[in-house]
Amino acid sequence: MQHAVGSPLPPPHRPGHGPGPATPGSQAQQPGAPGFAGAPHHPPVPPHPHQPVPPRRDTTGHVQLPPGGPVAVPSPPPAQAPADPGNTILAVLLIGPAGAGKTSVAKYWAERRRVPTAHISLDDVREWVRSGFADPQAGWNDNSEAQYRLARRTCGFAARNFLANGISCILDDAVFPDRPVVGLGGWKRHVGPGLLPVVLLPGLEIVLERNAQRSGNRRLTDEEVARIHGRMAGWYGSGLPIVDNSQLDVPGTAQVLDEVLARAIASPPQW
């Protein structure tokens, strides 16, 4: 028999000891007492049943998260107290054409609030699809519409769960006033009636200039930008708050957004 180098060798076999058969007159080794001949036999102690360790409350896998439900309309503040959007848990939808500054303003606004706030961009979520991505620039068809609907539903699910756990949410999307497929109805259905929509609509020359600074599939042709901008003008007269940020930088637009939201909290829009 071979043994590993460095391991102790087994003792030489003696009658009545070790694994060989016991000789007459010798006492066999008792089970449960290894290495000692003649040791009294004790029945093996049954193993203790496994007692599950109660999870610690700070263990990530055991944190109980409230389920996300439809977002309710924000409660207006008491008559004596002005609305403070910086301390209120909100769900905001920032609407506008390509180049309006939706994503930049949403990120800036979310990063500087006094309460936890998340930013969700529908374009980012839509581009989670890597292989088989249906780029709307290649043509709007059943596949691109299905991926848009899926991204919007995913954004709504995420927003409801953030809000159910005390985290505000600002979403951005190019929502068209004249196209139900990409209209407000889907956002209201997936997020809830408490969603506060705000339209960013700078002048055409501004969005053309900003679009020229883009790259990849986020950059559109000038003709497409002009067409989208013209359709966004349909939001005038809709009752939704509209911010012309042509002469405003990102911090200035975020400040105006806070003012608009303060009015929306005091008197929620009907949409």
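All values derive from a computational prediction rather than experimental measurement.

Draft legend 1. Looking closely at the overall build of the protein chain. Assigned secondary structure in the protein chain consists of seven helices and five strands. Along the protein chain, helices and strands appear, N-terminal first, in the series β-α-β-α-α-β-α-β-α-α-β-α. The 271 residues of the protein chain split such that 35% are buried. Nonlocal contacts in the protein chain, meaning residues at least 24 apart in sequence, comprise 75% of its contacts between residues at least 6 apart. About 16,300 Å² of surface is accessible on the protein chain, with carbon and sulfur atoms providing 58% of the total.

Draft legend 2. View of the nonpolar core. Counting residues in each nonpolar core, the largest one holds 30 residues, and the members touching the most others are Leu-93, Ile-95, Leu-171, Trp-187 and Trp-235. At the level of elements, β1 (91-95), α2 (122-126), α3 (142-164), β3 (168-173), α4 (184-191) and α6 (222-232) are the ones that each hand at least two residues to this core. In terms of residues, this core owes the most to one element, α3, which gives five residues. Not counting chain neighbours up to four residues away, the residues in contact with Ile-95 comprise Lys-102, Asp-173, Val-175, Leu-184, Pro-197, Val-198, Val-199, Leu-200, Met-232, Trp-235 and Leu-240.

Draft legend 3. Layout of the pairing of strand β2 (residues 117-121). Within β2, four of the five residues are buried, which leaves it mostly tucked inside the rest of the structure. Where β2 and β3 come together, five bridges link them in parallel fashion. If you follow His-119 over to β3, its bridge partner there is Ile-170.

Draft legend 4. Inspection of the packing of helix α1 (residues 102-111) against helix α7 (residues 250-266) at higher detail. Orientation of α1 relative to α7, taken along the N-to-C sense of each, is 70°, at an axis distance of 9 Å. Compared by their axis directions, α1 and α7 come out roughly perpendicular. On the side of α1, the interface is formed by Ser-104, Val-105, Tyr-108 and Trp-109, while α7 contributes Val-250, Pro-251, Thr-253, Ala-254, Leu-257, Asp-258 and Leu-261. Across the contact of α1 with α7, the residue classes break down as eight nonpolar, two polar and one charged.

Draft legend 5. Just the packing of aromatic side chains, in detail. This model, assessed by the stated rule, comprises zero aromatic pairs. One cation-aromatic arrangement involves Arg-231 over Phe-176; the distance from NZ or CZ to the ring centre is 4.3 Å.

Draft legend 6. The pairing of β1, seen in detail. Where burial is concerned, most of β1 is hidden: five out of the five residues are buried. Side chains Ala-91, Leu-93 and Ile-95 of β1 all project onto a buried face; the interleaved residues Val-92 and Leu-94 project onto the opposite face, where all are buried too. Examined bridge by bridge, β1 and β3 share five bridges and lie parallel to one another. Bridge assignment links Leu-94 to a residue of β3, and that residue is Asp-172. Both β1 and strand β4 (residues 196-200) contribute to a ladder of four bridges, which runs parallel.

Draft legend 7. The layout of surface pockets, seen in detail. Taken as a whole, the largest pocket holds about 1,000 Å³ of empty space. Ala-98, Asp-123, Ala-174, Arg-214 and Leu-220 are, among the 39 residues lining the largest pocket, the residues nearest its centre. Across the lining of the largest pocket, the residue classes break down as 14 nonpolar, 10 polar and 15 charged.

Calculation rules
Residues numbered from 1 in each chain as written. Predicted model: local features only at pLDDT ≥ 70, side-chain atom pairs only at ≥ 80, totals over all residues. Heavy atoms only, no water. Helix = DSSP H or I, 4+ residues; strand = E, 2+ residues; numbered from the N terminus. Buried < 20%, exposed > 50% of the residue type's maximum accessible area, 1.4 Å probe, protein only. Contact = heavy atoms within 4.5 Å. Areas by Shrake-Rupley, 256 points an atom, 1.4 Å probe, with all protein chains shown as cover. Core = buried A, V, L, I, M, F, W, Y, C linked by side-chain atoms within 4.5 Å. Pairing = 2+ DSSP bridges. Axes fitted to C-alpha atoms, helices over the stretch in contact; angles between N-to-C directions. Parallel < 35°, antiparallel > 145°, perpendicular 65-115°, else oblique. Nonpolar A, V, L, I, M, F, W, Y, C, P; charged D, E, K, R; others polar. Phe/Tyr/Trp six-rings, centres within 6.5 Å; stacked < 30°, edge-to-face > 60°. Lys NZ or Arg CZ within 6 Å of the ring centre and 35° of its normal. 1 Å grid on protein atoms, 1.4 Å probe; cavity = no way out; pocket = protein on both sides within 12 Å on 5 of 7 lines; lining within 4 Å. Points joined across faces, edges and corners; volume = space filled by probe spheres on them.

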